[in-house]
Amino acid sequence: QVQLVESGGGLVQPGGSLRLSCEASISSFSVYTMGWYRQAPGKEREFVAKITSSSGTNYADSVKGRFTISRDNAKNTVYLQMSSLKPEETAVYYCNANHLGLLNYWGKGTLVTVSS
């Protein structure tokens, strides 16, 4: 049974930093494209960042230069380092695992609250 478990969310002040982690119980983790998405209250889920099996990365324009996605295949874990956080980035952050569009899995999310 595939599980994606996010951690690292919490309360952070505007301008602060936070690192999210997602541990995946997936065989052949290294072949998956791993991604982070977020859903703010009353809004649709949106793409944040992704990292391919060859460690190529892609970011939403709104987070470029502030967020960094990385992966540790030995630990079956993907990370999202977030800095210069803004109040409007308060959301539930979800981890996603995708393989060639055929296999797609989601975590349950971790809440990030950016507030003073």
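In what follows, the structure referred to is the one given above.
In this text, all values refer to a predicted model and were calculated from it rather than measured experimentally. (Residues numbered from 1 in each chain as written. Predicted model: local features only at pLDDT ≥ 70, side-chain atom pairs only at ≥ 80, totals over all residues. Heavy atoms only, no water.)

## Comments concerning the environment of Val48
You can see Val48 is positioned in strand S5 (residues 46-51). For Val48, a relative accessible area of 1% puts it in the buried group. Spatially, the C-alpha atom of Val48 lies 14 Å from that of Ser21, the residues being 27 residues apart in sequence. When near neighbours in sequence (up to four residues on either side) are disregarded, Val48 contacts Trp36, Tyr37, Arg38, Asn58, Tyr59, Ala60, Val63, Phe67, Leu80 and Tyr93. (Helix = DSSP H or I, 4+ residues; strand = E, 2+ residues; numbered from the N terminus. Buried < 20%, exposed > 50% of the residue type's maximum accessible area, 1.4 Å probe, protein only. Contact = heavy atoms within 4.5 Å.)

## As for the nonpolar core
In a soluble, globular protein the nonpolar side chains are often hidden away together inside. The biggest cluster of nonpolar side chains holds 30 residues, and the ones touching the most others in it are Met34, Trp36, Leu80, Met82 and Tyr93. Contributing elements (two or more residues each) for this core: strand S3 (18-25), strand S4 (33-39), S5, strand S7 (67-72), strand S8 (77-82), strand S9 (91-99) and strand S11 (110-114). Ignoring any residue separated from it by four or fewer positions in sequence, one finds Tyr93 in contact with Glu6, Leu20, Trp36, Tyr37, Arg38, Val48, Phe67, Leu80, Met82, Gly109, Thr110 and Val112. (Core = buried A, V, L, I, M, F, W, Y, C linked by side-chain atoms within 4.5 Å.)

## Some thoughts on the sheet that holds S7
Taken in spatial order, the four strands of this open sheet run S1-S3-S8-S7, and their pairing is antiparallel. Only two strands of the sheet have a single partner each, and these edge strands are strand S1 (3-7) and S7. Pairwise comparison of adjacent strand axes, ignoring direction, gives a mean angle of 15 degrees for this sheet. As paired elements, S3 and S8 share six bridges and run antiparallel to each other. In the strand pairing of S8, Glu23 is matched with Thr77. (Pairing = 2+ DSSP bridges. Axes fitted to C-alpha atoms, helices over the stretch in contact; angles between N-to-C directions.)

## Things to note about the packing of aromatic side chains
Inspection of the entire model under this criterion finds three aromatic pairs. Each ring, one from Tyr32 and one from Tyr105, has its centre 6.4 Å from the other, and the planes form 45 degrees; the classification is tilted. In this pair, Tyr32 sits in the loop between S3 and S4 while Tyr105 sits in strand S10 (residues 103-106), placing the two residues 73 residues apart along the sequence. Of the residues examined, Tyr32 reaches a relative accessible area of 5% and is grouped as buried. Residue Tyr105 is classed as partly exposed on the basis of its relative accessible area of 26%. A centroid spacing of 5.6 Å and a plane angle of 70 degrees characterise the contact between Tyr37 and Phe47, whose relative ring orientation is edge-to-face. (Phe/Tyr/Trp six-rings, centres within 6.5 Å; stacked < 30°, edge-to-face > 60°.)

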